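Chain and residue survey
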Amino acid sequence: MLTLRERQINAIKQMLNLNSQQPKALAAEPVWKILIYDRVGQDIISPVISIKELRELGVTLHVQLHSDRDSIPDVPAIYFCLPTDENLDRIQQDFSNGLYDIYHLNFLAPITRTKIENLAAAALHAGCVANIHRMYDQYVNFISLEDDFFVLKHQQSDQLSYYAINRANTRDEEMVPLMDSIVDSLFALFVTLGNVPIIRCPRNSAAEMVARKLEKKLRENLWDARANLFHMDATQAGGGVFSFQRPVLLLLDRNMDLATPLHHTWSYQALVHDVLDLGLNLVYVEDEAAGGARKKPKACDLDRNDRFWMTHKGSPFPTVAEAIQEELESYRNSEDEIKRLKTSMGIEGESDIAFSLVNDTTTRLTNAVNSLPQLMEKKRLIDMHTKIATAILNYIKARRLDSYFEIEEKVMSKQTLDKPLLELLRDPEFGQSEDKLRLFIIYYICAQQLPESEVERLKEALQAAGCDLTALAYVQRWKALMNRSPGISQATQYEGGGTKTVSMFTKLVSQGSSFVMEGVKNLVVKRHNLPVTKITEQVMECRSNAETDDYLYLDPKLLKGGDVLPKNRAPFQDAVVFMVGGGNYIEYQNLVDFIKQKQTSNVQRRIIYGASTLTNARQFLKELSALGGEIQSPATTS
């Protein structure tokens, strides 16, 4: 069964093959072409198709739509962009300049009739109507970062951020296009999956606005006989990604949980995102130049072809450090084997034994030499992960991230702290001001009742540590609103796993590793479900629960839509969990771990996690500060 990512790749490859089915035999010479994309198109293609794969598909040149381009005759030009006025003006400019002989226009979102007519008029005026061969709406307007993880925007993601959705002075005319763009991308996602979902979401939230609009859009498409994009639904042969059953789309609002996005983390992928700003599966790590003086960032591509990354991205950091060490040992052994074989080739004497030995060694050496490309690739990946892990380790030591993670897990699981929080915040050696603020906000959210005097003392300690407390104004208002709303109170929804420290890194210390782990705790995380995962479980299992029973239930396949839960429901095997207002790798990893536990030999269950944007703690804190700033000085923002 194809994953979401594979289906998106297939759709893009078909587009690059001039919208005709790909030939089975790739030996056939591809049609040479050029690809012209806008920034959104670039973000969609870059995590799923490498430059090498573009070359294999016949793309000799890929350029930005708004760059200066020379005329290239006799070669098909594939455009891959949003049908915005700015982009369409540029395409019309290309028509009048006669840049290309063959145009294939592929739009990331459906183009309106008016815009098509304007484009046609421009083509007629430029005299290039015959040159426009194809024009398609491509329903791929989302970014697949993993097989089961997608986001809607990377560049200019502020447009869909938590701040943009929760701003105090957002006008309706600003909110409607924002919601529409989320709905259009989710609609494209389900067209790609080939399934019509059942939609569940909390009432009175941004998620409900998205749910109502998406249901309307799906229903209109289903009942439009000519334009129905779901005629190959899961109920027919060759159906969508999911099994025979329809998936549930669980739309959630970031407001349900502000603690997780600020949480210090301990798994590899989430750490890379938190401290090294992982974006579109690319991370830049500072590389020491010759002489060790000037440093230049080096791009590291963490894609699915990297076996080590696919195995360990969800592992705790100490496990990753040990695994890198083991990979290095195995590489060195292979290298030593080749060296040994080379030296044993110099056997003296003409005896039969020597001859058979040489023969045997020659065979082994040939095999070893044939495996050299794989060995070189293995060495490159080991070096890359060593570089990334060393950079993370430096951050862990400098900012005491292991201690922060351990304390936050205790706070979330309501355990008593070894030291009072006030003492930790006053310690100048204990991490950066940003880390202290993150810890305090988590403590404030998770505590049931905090005396005002204690809050004031903690605030003073934070100010003394140089923290900007603007974000707290918003968090305090948010908590007051949440406590008034029905359902679970914020303080009780976190359980935290707690951690236990196992023996120090025995392997790393004894093997003289390149990772000096001294002073870093080897923490083992106990398995636990975050709020998102708990709600997902309740919705998938169709369990009765005070919070989720009140969620909307929308079925676009019903002619007359209602939002009340039907009495008899079978549990869902598949879910798409979408976070309006920004997601993170911590929640993604938690859902991955949860669904792994639910697999049985005869039942294959799947969860796809998605978010309007992908934010790390620093970016999220900045958004909270911007919202807090609006509360503190409303006059300037009105």
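Residues numbered from 1 in each chain as written. Predicted model: local features only at pLDDT ≥ 70, side-chain atom pairs only at ≥ 80, totals over all residues. Heavy atoms only, no water.

An unreviewed UniProt entry lists the protein under the name Protein sly1 homolog, with Drosophila guanche given as the organism. Annotation of the protein in UniProt includes, under Sequence similarities (unreviewed entry), the sentence "Belongs to the STXBP/unc-18/SEC1 family." Taken directly from UniProt, the Function (unreviewed entry) text for the protein runs: "Non-vital for development." (UniProt positions renumbered as here; feature names shortened; annotations may be inferred.)

Membership of the largest hydrophobic core comes to 85 residues, with the highest contact counts inside it found for Leu 16, Leu 35, Val 272, Ile 388 and Ile 392. Sort the elements by how many residues they give to this core and helix H13 (residues 372-399) lands first, with eight residues. Ignoring sequence-local partners within four residues, the contact set of Ile 392 consists of Tyr 268, Leu 271, Val 272, Val 275, Leu 276 and Phe 317. Grouped together as the second largest cluster of nonpolar side chains are 41 residues, Tyr 404, Phe 440, Leu 469 and Trp 478 included. (Core = buried A, V, L, I, M, F, W, Y, C linked by side-chain atoms within 4.5 Å. Buried < 20%, exposed > 50% of the residue type's maximum accessible area, 1.4 Å probe, protein only. Helix = DSSP H or I, 4+ residues; strand = E, 2+ residues; numbered from the N terminus. Contact = heavy atoms within 4.5 Å.)

The next thing to look at is the packing of helix H16 (residues 433-446) against helix H18 (residues 470-484). Between H16 and H18, the shortest axis-to-axis distance is 11 Å and the interhelical angle comes to 15°. Taken together, the axis directions place H16 and H18 in an arrangement best described as roughly parallel. Handedness of the crossing formed by H16 with H18: right-handed. For the pair H16 and H18, the contacting residues are Leu 437, Phe 440, Ile 441, Tyr 444 and Ile 445 in the first and Leu 472, Val 475, Gln 476, Trp 478 and Lys 479 in the second. Here the residues of the contact of H16 with H18 sort into eight nonpolar, one polar and one charged. (Axes fitted to C-alpha atoms, helices over the stretch in contact; angles between N-to-C directions. Parallel < 35°, antiparallel > 145°, perpendicular 65-115°, else oblique. Left-handed = near helix turned anticlockwise from the far one by under 90°. Nonpolar A, V, L, I, M, F, W, Y, C, P; charged D, E, K, R; others polar.)

Time to look at the packing of aromatic side chains. Each pair of aromatic rings is reported with the distance of its centres and the angle of its planes. Throughout the structure, instances matching the rule amount to 19 aromatic pairs. Note on Tyr 268 and Trp 309: the rings are 5.4 Å apart at their centroids and 65° apart in plane angle, and the pair reads as edge-to-face. One end of the pair, Tyr 268, is in helix H9 (residues 268-276); the other, Trp 309, is in helix H10 (residues 307-312), and 41 residues separate them in sequence. With a relative accessible area of 1%, Trp 309 lands in the buried category. Taking the centre distance of 6.4 Å and the plane angle of 70° together, the rings of Tyr 585 and Tyr 588 count as edge-to-face. Pair noted here: Tyr 585 and Tyr 588 are both in helix H21 (residues 585-598), with a separation of three residues, about one helical turn. The exposure class of Tyr 588 is buried, given its relative accessible area of 4%. Connected via pairs of aromatic rings, a cluster forms that spans Tyr 79, Phe 95, Tyr 100 and Tyr 103. For Lys 217, the ring lying beneath its charged end belongs to Phe 187, and the centroid distance is 5.1 Å. (Phe/Tyr/Trp six-rings, centres within 6.5 Å; stacked < 30°, edge-to-face > 60°. Lys NZ or Arg CZ within 6 Å of the ring centre and 35° of its normal.)

Quick look at the sheet that holds strand S3 (residues 72-81) now. In space, the five strands of this open sheet follow the order S2-S1-S3-S4-S5, with parallel pairing throughout. Strands with a single pairing partner mark the edges of an open sheet, and in this sheet they are strand S2 (59-64) and strand S5 (132-137). Each strand axis lies, on average, 20° off the axis of its neighbour in the sheet, ignoring direction. Here five bridges tie strand S1 (residues 33-37) to S2, and the two strands are oriented parallel to one another. (Pairing = 2+ DSSP bridges.)

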